[in-house]
Amino acid sequence: MADFKTLVAHCKEYGFVYQSSEIYDGLSAAYDYGPYGVELKNNIKRYWWEAMTRLHANIVGIDASIFMAPQTWKASGHVDAFNDPLVDNKQSKKRYRADQLIEGYAEKVLAKADKEVTKAKKRFGESFDEAQYRSTNARVMGYQEKADAALKRMNDALGAGDMQALYDLIVELEIADPESGSREWTDVRQFNLMFSTQLGAVAGEAGKIYLRPETAQGIFVNFLNVQKSTRQKLPFGIAQIGKAFRNEIVARQFIFRMREFEQMEMQFFVKPGTELDWYARWKATRMQWHRTLGHPESKLRFHDHENLAHYANAAVDIEFDFPFGFRELEGIHSRTDFDLAAHQELSGKKLQYFDAETQESYVPYVVETSIGCDRMFLAVMSHALQEETVPDADGKDSTRTVLKIPAPLAPVKVAVLPLLKNREELTSKAAAVFDALKLHFPCQYDEKDAIGRRYRRQDAIGTPYCVTVDFDTLEDDTVTVRDRDTLEQVRLPIAEVAAHVREQVSLEQLLAQLV
Ligand code: GAP
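Presented here is a report on the structure given in the accompanying data block. Keep in mind the model is a prediction, meaning the values are calculated, not measured.

Parameters at a glance
Residues numbered from 1 in each chain as written. Predicted model: local features only at pLDDT ≥ 70, side-chain atom pairs only at ≥ 80, totals over all residues. Heavy atoms only, no water. Core = buried A, V, L, I, M, F, W, Y, C linked by side-chain atoms within 4.5 Å. Buried < 20%, exposed > 50% of the residue type's maximum accessible area, 1.4 Å probe, protein only. Helix = DSSP H or I, 4+ residues; strand = E, 2+ residues; numbered from the N terminus. Pairing = 2+ DSSP bridges. Axes fitted to C-alpha atoms, helices over the stretch in contact; angles between N-to-C directions. Contact = heavy atoms within 4.5 Å. Near = heavy atom within 4 Å. Polar contact = N/O pair within 3.5 Å; in protein donor to acceptor, adjacent residues only side chain to side chain. Areas by Shrake-Rupley, 256 points an atom, 1.4 Å probe, with all protein chains shown as cover. Nonpolar A, V, L, I, M, F, W, Y, C, P; charged D, E, K, R; others polar. Phe/Tyr/Trp six-rings, centres within 6.5 Å; stacked < 30°, edge-to-face > 60°. Parallel < 35°, antiparallel > 145°, perpendicular 65-115°, else oblique. Left-handed = near helix turned anticlockwise from the far one by under 90°. Salt bridge = Lys/Arg side-chain N within 4 Å of Asp/Glu carboxyl O.

**Structural notes on the nonpolar core**
In terms of nonpolar packing, the biggest core is built from 61 residues, with Phe-16, Leu-40, Tyr-47, Trp-48, Phe-377 and Met-381 touching the most fellow members. The element contributing the most residues to this core is helix α13 (residues 373-384), with eight residues.

**Examining the pairing of strand β16 (residues 365-372)**
With seven of its eight residues buried, β16 lies for the most part within the structure. Sheet analysis places strand β10 (residues 260-270) next to β16, joined by eight bridges and oriented antiparallel. From the neighbouring strand, Val-270 faces β16, where its bridge partner is Tyr-365. As paired strands, strand β13 (residues 325-336) and β16 are joined by six bridges and run antiparallel to one another. In the strand pairing of β16, Glu-330 is matched with Ile-371.

**Overview of the sheet that holds strand β22 (residues 478-483)**
In spatial order, the strands read β20-β19-β21-β22-β23; together these five strands make up an open sheet with mixed pairing. Only two strands of the sheet have a single partner each, and these edge strands are β20 (443-445) and β23 (489-493). Between one strand and the next, the sheet's axes are offset by a mean angle of 25°, whatever the strand orientation. As paired elements, strand β21 (residues 465-469) and β22 share four bridges and run antiparallel to each other. If you follow Thr-468 over to β22, its bridge partner there is Thr-480. Against the sheet, helix α14 (residues 424-437) makes contact with β19 (414-418), β20 and β21, and its axis sits at roughly 165° relative to β19, the strand it touches most.

**Things to note about the site of the ligand**
Taken together, 20 residues lie around the ligand, and Glu-214, Arg-246, Met-258, Glu-265 and Glu-328 are the ones closest in. The contact in question runs from a nitrogen atom of the ligand to an N or O atom on the side chain of Glu-368, over 2.9 Å. Contact with the protein chains removes 91% of the 550 Å² of surface that the ligand exposes when unbound. Residue assignment for the shell around the ligand shows that the elements contributing at least two residues are β10, β13 and β16. Top contributing element to the shell around the ligand by residue count: β13, with six residues. Residue composition of the shell around the ligand, grouped by class: five nonpolar, five polar and ten charged.

**Some remarks on unusual backbone geometry**
Both trends apply: most residues other than glycine have a negative phi, and most peptide bonds are in trans. Of note, the amide linkage connecting Leu-234 to Pro-235 takes the cis form, showing an omega dihedral of -5°. Even without a glycine there, the phi angle at Ser-21 is positive, about 45°. Relative to the helices and strands, Ser-21 is located in the loop between β1 (17-19) and β2 (31-33). Although it is not a glycine, Asp-25 sits at a positive phi angle of roughly 70°. Along the chain, the position of Asp-25 falls in the loop between β1 and β2. Taking relative accessible area as the criterion, Asp-25 reaches 74% and is therefore assigned exposed.

**Concerning the sheet that holds strand β11 (residues 300-304)**
With mixed pairing, the seven strands of this open sheet are ordered in space as β3-β9-β10-β16-β13-β12-β11. The open sheet has two edge strands, β3 (59-61) and β11, and neither has a second partner. Each strand axis lies, on average, 25° off the axis of its neighbour in the sheet, ignoring direction. Looking at chain direction, β11 and strand β12 (residues 314-322) are connected through five bridges and run antiparallel. By the bridge assignment for β12, Phe-302 is matched with Ile-318. Running at roughly 150° to β13, helix α11 (residues 275-291) makes contact with β3, β10, β11, β12, β13 and β16 of the sheet.

**Comments concerning the packing of aromatic side chains**
Applying the stated criterion across every chain, the model contains 23 aromatic pairs. Ring geometry for Tyr-31 against Phe-254: centres 5.1 Å apart, planes inclined by 80°, an arrangement best described as edge-to-face. A residue pair is termed long-range when its members are at least 10 positions apart, and Tyr-31 in strand β2 and Phe-254 in the loop between β9 (236-245) and β10 qualify at 223 residues. Judged by relative accessible area, which is 9%, Phe-254 ranks as buried. Measuring from ring centre to ring centre gives 5.4 Å for Phe-268 and Trp-282, while their planes differ by 65°; the resulting arrangement is edge-to-face. Linking Phe-268 in strand β10 with Trp-282 in helix α11, this pair joins segments that are 14 residues apart in sequence. With respect to class, Phe-268 is no different from Trp-282; both count as buried. The rings of Phe-4, Tyr-31, Phe-254, Phe-256, Phe-320, Phe-322 and Phe-324 are connected pair by pair, giving a single aromatic cluster.

**Details of the packing of helix α7 (residues 138-160) against helix α8 (residues 163-172)**
Two quantities define a packed helix pair, namely the angle between the axes and the distance from one axis to the other. Contact geometry of α7 with α8 gives a least axis separation of 9 Å together with a crossing angle of 160°. Compared by their axis directions, α7 and α8 come out roughly antiparallel. Crossing handedness for the pair α7 and α8: left-handed. Facing α7, whose interface residues are Ala-150, Arg-153, Met-154, Ala-157 and Leu-158, α8 presents Ala-165, Leu-166, Leu-169 and Glu-172. By residue class, the composition of the contact of α7 with α8 is seven nonpolar, no polar and two charged.

**Side note on the side chain of Glu-368**
In this structure, Glu-368 sits in strand β16. Polar side-chain contacts of Glu-368 include one of 2.9 Å to the side chain of Arg-335. Residues in contact with Glu-368, not counting those within four places in the same chain, are Ala-216, Glu-265, Met-266, Gln-267, Gly-331, Ile-332, His-333 and Arg-335.

**Quick look at the pattern of salt bridges**
If charged atoms from side chains of opposite charge come close, those side chains can pair. Applying the stated criterion across every chain yields a total of 37 salt bridges. Between Arg-95 and Asp-88 there is a salt bridge; the shortest N-O distance is 2.9 Å. Exposure remark for Asp-88: the relative accessible area of 15% places this residue in the buried category. Here the residues in one salt-bridge network are Glu-388, Arg-400, Lys-404, Arg-456, Asp-459 and Arg-482, joined through shared partners.

**Notes on the pairing of β12**
Taken across its nine residues, β12 has eight buried, putting it largely inside the fold. Examined bridge by bridge, β12 and β13 share nine bridges and lie antiparallel to one another. Looking at β13, one finds that Ala-314 is bridged to Ser-334. Connecting the antiparallel pair β12 and β13 is a turn made up of two residues.

Such coordinate-based values are descriptive only and should not be taken to indicate function.
Take a look at the structure:
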């Protein structure tokens with residue numbers, strides 16, 4: 001796996017992701033997807049969308065508006081409780097999230113424990129049992145306890161909304177400003193993360209509306225519309241992909257945490273009492289979706305929420321091992337009837353389901369799966385980008401940068417390359433091959449530079465197949481098809497290329513592994 005800096009540079013150089021408004025020195029935490037980035041992102045979205053809606057007869061999609069009636073966010077709790085605890089350093093005037101300062105402290109303490117473990121590993125060699133060492137070595141256990149205690153106190157304070165306790169903890173742990181080293185902190189205050197703007201010409205509070213901080217609420221308010229118009233019976237789901245906006249205070253790590261991002265969310269409506277069973281099923285289904293992309297088991301893990309939100313009766317994150325460590329990629333939440341009941345109460349409109357079997361009406365419970373499209377993009381890219389030593393055209397070792405993106409997600413599926421640029425018979429034949437293949441897949445025609453360099457360019461954008469048109473092609477209508485990962489080259493009749501490629505690049509072969 002490439003390091004983070006290399007990954008960010010690669011994204012820019014090869015047209016995947018650019019800093020937003022870069023010519024004005026960029027806007028922090030906003031990014032633009034380039035020509036290959038948008039294709040990869042669209043393919044990720046398609047993989048998710050088809051896995052939800054095509055593979056499940058009882059899941060349908062919607063595309064709700066970003067702007068919603070402001071009461072939506074009152075009912076959902078976002079107006080009152082969608083806050084981050086912030087603290088300012090008096091000397092540097094920098095603003096931080098109090099919980100992230102404390103987590104940073106815990107990470108540093110745990111790094112000391114890791115250092116001890118690494119030293120011991122070197123000392124004991126093959127016979128070293130890490131688990132036993134961690135559970136018996138006094139120093140390592142001490143560090144672990146210190147970190148755990150700090151995190152527990154932080155979680156308790158967050159759960160209770162106790163800002164004073166967070167402040168006391170920062171002071172007690174002697175946490176310093178990471179930039180200036182100063183320990184002079186202001187009080188910890190709550191800061192609402194929603195962006196607001198004005199609707200039409202209505203001035204003041206009356207015209208104040210929000211940019212949605214999650215797509216889920218567009219699904220909740222449409223629950224009955226969708227149920228009635230599609231005649232779905234419980235259990236059934238509604239899926240949606242769309243932009244969400246959060247005024248994140250500490251927006252870092254490239255596209256991992258942005259202020260404008262995209263979510264892929266599915267709310268699954270179930271009969272009360274069955275929600276934990278469905279929660280377990282969706283946990284397994286979602287993990288399988290990730291693993292089908294070929295990410296090794298060691299890169300994905302579940303992380304149960306210790307502090308459940310007041311409306312949830314179970315919640316878990318799927319975490320991915322990003323270049324900066326394990327972080328949340330997706331959340332799966334059993335949200336009870338909190339959202340529908342709150343909208344029902346505030347709107348005064350019934351949001352109930354009539355169960356023909358039991359002849360009862362009730363507010364369904366909801367299991368939600370929610371994944372950030374941009375985080376998924378980062379996960380795919382960070383796993384795919386590799387440096388390899390491979391033989392070049394003369395059989396000598398050379399290094400190549402290759403993006404081993406799962407073929408169905410690759411932005412370009414086939415590159416068509418005439419062996420030489422200045423031979424019209426080759427270029428016109430290659431153009432004809434390109435015209436035939438472009439009807440089947442996103443293809444690219446490239447005739448500039450030596451063939452080896454063109455292969456490298458395609459490797460760097462993750463093209464699974466390169467088709468080379470040479471002099472033999474003119475004789476027998478065959479081409480060389482080069483495989484990005486194995487570097488194997490096979491000779492095939494032009495008429496068979498599409499079928500050969502389709503086997504590997506079709507989304508259907510991924511979907512087939514999910515059923
Ligand atoms: N409806 C539930 C919900 O929004 P969340 O855990 O706040 O839950 C869900 O967000 C997912 O959205 C996260 O797992 C993450 O992948 C993505 N996400 C959240 N905030 C983000 C941000 N600032 N930038 C990029 N992705 C973000």
